[in-house]
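Each chain, letter by letter, is given below.
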Amino acid sequence: MLESMTPRLNVLVLPGGTDNSYRPFRATQGTALRMYPFTWSIRARFGSAVDVRQVRYRVYGWNGGQASPLPYARAALDSITRDNPDVPVVLIGHSMGGRVAAHLGADPRVADILALAPWWQHRDWRHIRRGVRVRAIHGDADTLTSPRRTAEGIAELRAAGYDATFVSVPGGRHAMLDHISLWQGSALDVVGRALAEGA
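Quick caveat: nothing in here was measured; it's all calculated off a predicted structure.

Residue placement: A141 occurs in the loop between β5 (133-139) and α6 (147-159). Linking A141 and L114, residues 27 residues apart in sequence, is a C-alpha distance of 19 Å. Not counting residues up to four positions away in its chain, the partners in contact with A141 are G171, G172 and R173.

Here it is, written out as structure tokens:
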């Protein structure tokens, strides 16, 4: 009975932010609210097989070389793997959260990354270590982050031998309020695949 309650997969959901801002990150701001449906749907679909947590940063911005969200995201990674040791981690990041995911992708505990309209500003995908499976989804009507750069990143990873996939969303915009079943379904697919392959 106790064994069935032990999660077989850790999932961290990484919200977006902005380029420069020291405004405190709040659980009720738009970037956080946008990701709750992902967190809730994973929990509802997979139950106790997955420990899924939505990360909160201290401030809203990346803030150049400070990379302000990273210490808080790393602390969340440490916390979830301390609670569930030897369990692989899936990262699901939107916008700036996709950038955070790429940087965390250097960590050997990370098995999968789902980058949703990622803000890969400076070829951030190059931080991802070999062996991590990467799926990136980007709307072709996104004017806040670059679908072209995301496609370039995935193409580079594939050429280097990574299991990497790019999905273009026709007419898709940055906020993911369109094609909801595609955005949400992609997260369920990635988590389901990681569970199946870990079984």
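Now that the structure has been shown, we can carry on.
Another point: the packing of helix α4 (residues 70-83) against helix α5 (residues 96-104). Between α4 and α5, the least distance of the axes is 10 Å, while the angle of their chain directions is 60 degrees. With respect to α5, the element α4 is oriented oblique. The handedness of the crossing between α4 and α5 comes out as right-handed. Judged by residue contacts, L70, A73, R74 and L77 of α4 engage V100, H103 and L104 from α5. Looking at the contact of α4 with α5, its residues break down into five nonpolar, one polar and one charged.

Before going further, it helps to examine the pairing of strand β4 (residues 110-116). Burial analysis of β4 places seven of its seven residues in the buried class, which makes it a mostly covered element. Note: strand β3 (residues 89-94) against β4, six bridges, orientation parallel. Within β4, the residue paired with L91 across the bridge is I113. Note on the crossover from β3 through α5 to β4: the handedness is right-handed. The pairing of β4 with β5 spans five bridges and is parallel. Counterpart to I113 in the pairing with β5 is V134.

The subject of this paragraph is the pairing of strand β2 (residues 50-54). The element β2 is largely enclosed, with a buried count of four among its five residues. In terms of strand pairing, strand β1 (residues 9-14) meets β2 through five bridges, oriented parallel. Across the sheet, the residue bridging to V11 is V52, located in β2.

Rules used throughout
Residues numbered from 1 in each chain as written. Predicted model: local features only at pLDDT ≥ 70, side-chain atom pairs only at ≥ 80, totals over all residues. Heavy atoms only, no water. Helix = DSSP H or I, 4+ residues; strand = E, 2+ residues; numbered from the N terminus. Contact = heavy atoms within 4.5 Å. Axes fitted to C-alpha atoms, helices over the stretch in contact; angles between N-to-C directions. Parallel < 35°, antiparallel > 145°, perpendicular 65-115°, else oblique. Left-handed = near helix turned anticlockwise from the far one by under 90°. Nonpolar A, V, L, I, M, F, W, Y, C, P; charged D, E, K, R; others polar. Buried < 20%, exposed > 50% of the residue type's maximum accessible area, 1.4 Å probe, protein only. Pairing = 2+ DSSP bridges. Right-handed = clockwise from strand over helix to strand, strands pointing away.

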